[in-house]
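The chain contents come next:
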Amino acid sequence: MSEPGLPFADVAVPAAYCLPVPPAVVRPIAGLVFHDSETATPARCHPDGSWHWQILRDGTLERHVDEAAIAFGVRAADRWRPDWVQRSPYLVSDVNWCTLHVEFQSCQADRDAGLPYTDAQYATAQALVPDLYARHGVVPIVGHGELQTDRTDPVAFDWERAGCGPFVAGEGRYWQGDGDDMSQVAALQAELDQAHGITATLQQQLDAVRAMLAQADSTIGALTHDVVPPLEAELESLKAGSDPTKLAALQTHIADLEDTIKAAQQVLAAAGPAPAG
Ligand SMILES: [Zn+2]
């Protein structure tokens, strides 16, 4: 799975607190589950509870369990089982098999203070969800307490401020961004499509350059083997033409011809005027 496109801090999680799947197994991401930590400090994974992402009070994004691995976020969907939940091939709950878990640091004291979640946490959620959508597809978002009978988290969570749209029966909420429609998701998809288009164009251009190089190579080969040798031979013969010995021989030959012509003219003069007509 690709790396997220926003900054985050890595928090090491013991291997026993999650379940990696073999590289050949592609884990389906069919939904996102939101939680709150019920802790006054940043939560840490433990043998019975783990998650992929945590958003701290100051908006800091922490990565705990790698997205490729299964986190132990929901024991059972015994209150409500969304339509998209898939049967797990491993000894983990069906929900955990096919979801990513996002934890929000929040506790009773925060609710008592009238600030269950901070603006910074909602802002980070607004950035994280589209990033997850870009890498895993557009999937519904649900709360832990909606699935499991003995849980109520994320308590006092404002789904709309996190960017979620209305609850869709059987599925959950879809992230919609700041607006009240899917325009941001659509824009994101358009950007991805455009990026794929650019990649394809670059590939075509690269192929064209390769073809030109191959063509140039064969042209150079032809020049080397077919055209250059005769030119070289001609050059050699031109050089030979300016050989002083050969030129001297040529001058002597021309002088001999002149003498022959003069002798012929004297013979003609002695024979008298040329006949008229
Ligand atoms: Zn929870």
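Calculation notes
Residues numbered from 1 in each chain as written. Predicted model: local features only at pLDDT ≥ 70, side-chain atom pairs only at ≥ 80, totals over all residues. Buried ≥ 20, exposed ≤ 12 C-beta atoms within 10 Å, placed from the backbone. Helix = DSSP H or I, 4+ residues; strand = E, 2+ residues; numbered from the N terminus. Pairing = 2+ DSSP bridges. Core = buried A, V, L, I, M, F, W, Y, C linked by C-beta atoms within 7 Å. Contact = placed C-beta atoms within 7 Å.

Enquirer: Honestly, the pairing of strand β3 (residues 31-36) in this entry has me stumped. Any pointers?
Expert: The buried fraction of β3 is high, at six of six residues. Of the two faces of β3, the one lined by G31, V33 and H35 and the one lined by L32, F34 and D36 are each fully buried. Pairing of β3 with strand β7 (residues 99-104) involves six bridges; the strand directions are parallel. Paired with D36 across the two strands is F104, which belongs to β7.

Enquirer: Explanation requested: the nonpolar core in the structure shown.
Expert: Nonpolar side chains tend toward joint burial in soluble globular proteins. Core analysis: the biggest nonpolar cluster contains 36 residues, and L32, F34, I55, V102 and L128 have the highest contact counts within it. At the level of secondary structure, the elements contributing two or more residues to this core comprise β3, β4 (53-55), β6 (70-71), β7, α3 (119-136) and β8 (141-143). For this core, the leading source of residues is α3, giving four residues. Ignoring sequence-local partners within four residues, the contact set of F34 consists of V102, F104, I141, G143, P154 and F157.

Enquirer: It is not clear to me how the pairing of β7 should be interpreted in this structure. Could you clarify?
Expert: Note on strand geometry: in a regular strand, side chains alternate between the two faces of the sheet. Where burial is concerned, most of β7 is hidden: six out of the six residues are buried. Burial of β7 is two-sided: the residues T99, H101 and E103 facing one way and the residues L100, V102 and F104 facing the other way are all buried. Of the strand pairs in this sheet, β4 and β7 are connected by three bridges, and their pairing is parallel. Within β7, the residue paired with W53 across the bridge is V102.

Enquirer: I keep staring at unusual backbone geometry and nothing clicks. Help me out?
Expert: As a rule of thumb, non-glycine residues mostly have phi less than zero, and peptide bonds are mostly trans rather than cis. At the junction of D153 and P154, the peptide bond is cis and its omega measures out at 0° in the coordinates. Relative to the assigned elements, P154 resides in the loop between α4 (144-147) and β9 (164-168). Of note in the backbone geometry, E38 takes a positive phi value of approximately 55° without being a glycine. Counting through the fold element by element, E38 comes out in the loop between β3 and β4. Phi at A156 is positive, roughly 60°, even though this residue is not glycine. Along the polypeptide, A156 turns up in the loop between α4 and β9. Among the residues examined, A156 registers 14 C-beta atoms within 10 Å and is labelled partly exposed.

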